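Given next are the chains, with one letter for each unit.
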Amino acid sequence: MKIAVCLKPVPATDTRVKIDAAGKRLDPAGVSMVINPYDEFALEEALKLKEAAGSGEVVLVTVGPPSFAATIRNGLAMGADSAVLLGAEGELDSLQVARALAAELKDKGYDLILCGKQAVDDDASQVAPMIAELLGLPCATVVAQLTIEGAVAPGATAHAHREIEGGIEEVSFTLPAVVAAQKGLNEPRYPSLKGIMAAKKKTVEERPAQAGEPALEVIGLTLPPARSSGRIVGEGVGAVEELVRVLREEAKVI
Amino acid sequence: MAIVVFLEQREGEIKKTSFEAVAEARRLADAGLGGDVIAVIACAPGQEGGAAQAGAYGADQAWAATSPAFASYQPEGYAAALVAAQQKAQAGLILLTAGALGKDLAPRVAAKLSAGLASDCAQLDLKDGRLVATRPVYAGKAIQQVGFRSQVAMATLRPKVFPLTEHRAGNSAPVSVLEFSPVEPKLTVTKISAATGGPADLTEADVIVSGGRGLKGPEHFGIIEDLAKALGGTVGASRAVVDAGWRPHGDQVGQTGKTVSPKLYVAVGISGAIQHLAGMSSSRCIVAINKDADAPIFKIADYGIVGDAFEIVPALTEAVRKLH
């Protein structure tokens with residue numbers, strides 16, 4: 001059983017966004033990087049599958065600058081066996097990232113490729129289906145429940161619950177496959193002290209990303225227009241009447 | 001340069017948000033992009049009739065890719081149909097809706113066509129004849145503008161942001177058959193359990209009433225549900241209460257949950273962590289009810305009441321009911 005987990009380091013979700021001098025990117029000063037929360041669900045699922053099987057290999061794969069290695073160590077501390085960092089400077093678009101990952105994952109005997117359903121920095125939700133398309137594999141996205149019949153091996157049948165608007169879509173497919181994790185799939189573990197120590201000895205292989213040419217170009221990044229502070233219409237239940245009046249007459253929303 | 005717009009259907013009924021995309025394509029074509037607007041539907045045979053309605057929103061033609069397998073979503077087949085449409089039309093732009101289906105389908109098509117794809121766009125513009133997409137990133141904490149370097153550009157449009165303009169009211173688009181090479185499905189939909197007749201999904205709701213830790217326990221969400229019902233809205237939740245297991249994760253608003261922009265957002269017992277504010281601060285009108293007058297939520301709320309939610313919310317529900 002061999003599972004790849006695609007990880008992306010992203011700014012922690014409590015980051016206050018500041019724009020860099022060029023006006024195109026987030027100012028990285030003082031920003032702490034974490035594993036993309038959806039990728040943690042993907043990694044947890046891989047670790048659970050490996051534990052259930054009693055053996056197997058979980059490999060982390062990421063695309064980016066050498067500084068990403070530090071965040072990837074957290075994934076190794078959670079229990080992944082090894083990691084591959086596909087080196088690239090500057091920001092790549094989703095198709096470039098997918099190309100680099102697909103080139104790395106191709107023909108290496110992976111039974112399952114797990115990703116997060118989106119990265120919480122660019123919110124693009126593109127990489128998982130793109131990898132699947134480039135490798136000719138089935139892909140289930142926004143997966144909140146995953147069941148694999150028997151061993152995680154080529155030819156095994158998998159069933160997934162995908163979240164769609166106002167409901168659940170149940171899908172079936174055959175491994176090898178790409179699965180993109182949604183919140184709710186599992187509860188990601190915290191690294192243990194033993195895991196953190198062990199991670200220091202695990203290997204992070206580095207090689208250049210085969211990303212190809214960009215298809216998108218970031219022109220600018222700005223802060224959203226600030227909301228003007230509103231007003232407290234009152235205190236306690238006595239303010240309800242006034243609230244209903246302003247919602248009807250000023251805001252015209254009820 | 002033709003524009004292809006994908007029409008999302010369920011049981012032959014086309015989603016309104018797809019017509020928002022058709023109307024936007026028409027606006028871009030008239031604003032200088034030029035070419036025909038072609039609406040493409042993938043559905044089971046006999047379900048394609050609804051595609052004609054795209055004419056009212058500005059589609060010149062509607063093309064139908066039909067297959068018995070298309071009664072439900074079939075990723076590889078739908079992607080093959082869209083690629084066939086792009087090639088037949090020599091389209092330079094493909095638009096889809098950024099719903100669950102569009103977000104799954106668009107990247108597959110983009111990978112096939114080596115197309116740049118801008119996800120979940122809030123605005124499209126032509127600047128010096130070139131398409132520029134404006135899209136929220138970091139769950140709305142920042143706004144990114146992207147241009148395209150690829151021959152074919154693709155964008156998914158955030159639902160309910162683009163106006164549903166009937167550019168050609170009363171028109172219907174001629175529907176013709178789109179030939180495409182059938183592909184072996186790699187994934188099949190076995191069942192859809194949809195909450196039929198229930199409240200709208202958070203991303204499509206006009207009114208959202210969200211509860212946070214101030215409600216003290218899952219058993220108190222009844223007052224949130226009652227207010228949501230009285231307002232014709234959908235229930236949301238903060239991350240804290242989802243992580244505590246009080247509400248399903250599908251209810252979560254904010255970063256690692258849903259980004260929403262309803263007409264009215266009522267936050268009850270939610271202090272307003274930055275991750276929550278990111279996901280809802282583009283709502284048109286925000287009401288906060290919280291016992292802590294210093295809670296950050298009041299800094300972005302249009303209207304606030306300071307006090308006990310357990311008294312205020314039922315009184316508000318009663319007052320709203322009386323309006324009807």
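Each value, and the rule that gives it
Residues numbered from 1 in each chain as written. Chains lettered and ligands numbered in written order. Predicted model: local features only at pLDDT ≥ 70, side-chain atom pairs only at ≥ 80, totals over all residues. Helix = DSSP H or I, 4+ residues; strand = E, 2+ residues; numbered from the N terminus. Rg over C-alpha atoms; globule rule 2.2 N^0.38 Å. Buried ≥ 20, exposed ≤ 12 C-beta atoms within 10 Å, placed from the backbone. Contact = placed C-beta atoms within 7 Å. Domains from an automatic or database assignment. Nonpolar A, V, L, I, M, F, W, Y, C, P; charged D, E, K, R; others polar. Axes fitted to C-alpha atoms, helices over the stretch in contact; angles between N-to-C directions. Parallel < 35°, antiparallel > 145°, perpendicular 65-115°, else oblique. Left-handed = near helix turned anticlockwise from the far one by under 90°. Pairing = 2+ DSSP bridges. Expected span 1.5 Å × (residues − 1). pLDDT = per-residue confidence, 0-100. Core = buried A, V, L, I, M, F, W, Y, C linked by C-beta atoms within 7 Å.

> Hey, could you go over the overall build of chain B for me, with residue numbers and the actual values?
Along its length, chain B carries eight helices and 18 strands. Its C-alpha atoms give chain B a radius of gyration of 21 Å, near enough to 20 Å, the size a compact globule of 324 residues would have. With respect to the principal axes defined by its C-alpha atoms, chain B has extents near 60 × 45 × 40 Å. Expressed as a percentage of its 324 residues, the buried residues of chain B come to 61%.

> I'd love a proper account of the overall build of chain A, names of residues and values included.
When you go through chain A residue by residue, the secondary structure sums to six helices and 13 strands. Along the first, second and third principal axes, the C-alpha set of chain A runs to 65 × 45 × 40 Å. Buried residues in chain A amount to 50% of all 254 residues. Here the analysis covers contacts within chain A between residues at least 6 apart in sequence; of these, 71% occur between residues at least 24 apart.

> I'd like to hear about the domain arrangement of chain B, residue by residue, with values.
Residues and elements named next belong to chain B. Domain parsing of chain B yields domain 1 (3-177) and domain 2 (202-323). One C-alpha centre belongs to domain 1, the other to domain 2; they are set 33 Å apart. Each partner contributes to the interface: domain 1 provides eight residues, whereas domain 2 provides 10 residues. Among the residues making up the side of domain 1 that touches domain 2, the classes are represented as five nonpolar, one polar and two charged.

> Please set out the packing of helix α6 (residues 240-249) of chain A against helix α8 (residues 309-323) of chain B residue by residue, giving values where relevant.
Direction vectors running N to C along α6(A) and α8(B) enclose 50°, while the axes themselves pass 9 Å from each other. In terms of orientation, α6(A) lies oblique with respect to α8(B). α8(B) is crossed by α6(A), and the crossing has right-handed handedness. For the pair formed by α6(A) and α8(B), the contact residues are Val240(A), Glu241(A), Leu243(A) and Val244(A) on the first element and Ile312(B), Ala315(B), Leu316(B), Ala319(B) and Val320(B) on the second. Broken down by class, the residue content of the contact of α6(A) with α8(B) amounts to eight nonpolar, no polar and one charged.

> Could you give an account of the sheet that holds strand β4 (residues 37-43) of chain B, with specific residues and numbers?
Residue and element names in this part refer to chain B. Pairing in this open sheet of seven strands is parallel, and the strands run β7-β11-β6-β1-β4-β5-β12 from one edge to the other. Looking at which strands have only one partner, the edges of the open sheet turn out to be β7 (116-121) and β12 (175-177). Averaged over all neighbouring strand pairs, the angle between strand axes comes to 25°, with direction disregarded. Where strand β1 (residues 3-7) lies against strand β6 (residues 93-97), three bridges are found, and the strand directions are parallel. Residue pairing in the sheet places Val-5 in a bridge with Leu-95 of β6. Where helix α2 (residues 75-89) meets the sheet, its contacts fall on β1, β4, β5 (61-66) and β6, and the angle it forms with β4 comes to roughly 155°. Together, β6, β7 and β11 (153-157) form the strand contacts of helix α3 (residues 100-113), whose direction differs from that of β11 by roughly 175°.

> Requested: an account of the sheet that holds strand β16 (residues 264-268) of chain B, with residues and values cited.
With parallel pairing, six strands are arranged side by side in an open sheet as β13(A)-β18(B)-β17(B)-β16(B)-β14(B)-β15(B). A strand with exactly one partner marks an edge of an open sheet, and here the two such strands are β13 (231-235) of chain A together with β15 (234-237) of chain B. Averaged over all neighbouring strand pairs, the angle between strand axes comes to 20°, with direction disregarded. The pairing of strand β14 (residues 207-211) of chain B with β15(B) spans four bridges and is parallel. Note on β15(B): the bridge partner recorded for Val209(B) is Val235(B).

> Which residues make up the interface of chain B and chain A, and what are the values?
Tallying the contact residues gives 75 residues for chain B and 68 residues for chain A. Pairing analysis gives six bridges linking strand β12 (residues 216-222) of chain A to strand β10 (residues 142-148) of chain B, with the strands arranged antiparallel. Residue pairing for β10(B): Thr222(A) is matched across the bridge by Ile143(B).

> Report on helix α1 (residues 16-33) of chain B, specifying residues and quantitative values.
All names here are of chain B. Taking 1.5 Å per residue, 18 residues should reach 26 Å; α1 reaches 24 Å between its end C-alpha atoms and fits that length. The buried fraction of α1 amounts to 13 of the 18 residues, a majority that puts the element mostly inside the structure. Among the residues trailing α1, Gly-34 stands out with phi positive, at a value near 70°.

> I'd like a rundown of α3(B), residues and numbers included.
Residue and element names in this part refer to chain B. Here α3 is 14 residues long and its end C-alpha atoms lie 21 Å apart, about the 20 Å a rise of 1.5 Å per residue gives. When you tally the buried positions in α3, you get 13 out of 14 residues, the bulk of the element. Once α3 finishes, Ser-114 follows within two positions and takes phi at roughly 50°, a positive value.

> Tell me what's going on with the confidence of the model for chain B, and back it up with residues and numbers.
Summarising the model, chain B shows a mean pLDDT of 95, and 99% of its residues fall at 70 or more. Two numbers describe this predicted complex: its pTM, 0.95, and its ipTM, 0.96.

> Account for the environment of Ala169(B), with residues named and values stated.
Mapped onto the secondary structure, Ala169(B) falls in the loop between β11 and β12. When the C-alpha positions of Ala169(B) and Gly58(B) are compared, they lie 8.4 Å apart, and in sequence the two are 111 residues distant.

> Lay out the nonpolar core in plain terms, naming residues and giving numbers.
Counting residues in each nonpolar core, the largest one holds 147 residues, and the members touching the most others are Val5(A), Ile131(A), Ile3(B), Val5(B), Ala39(B) and Val40(B). Discounting residues that sit within four places of it in the chain, Val5(A) has contacts with Asp39(A), Ala42(A), Leu43(A), Ala46(A), Val58(A), Leu60(A), Ala80(A) and Leu114(A). In terms of nonpolar packing, the next biggest core, distinct from the first, is built from 63 residues, Val233(A), Phe221(B), Ile305(B) and Val320(B) among them.

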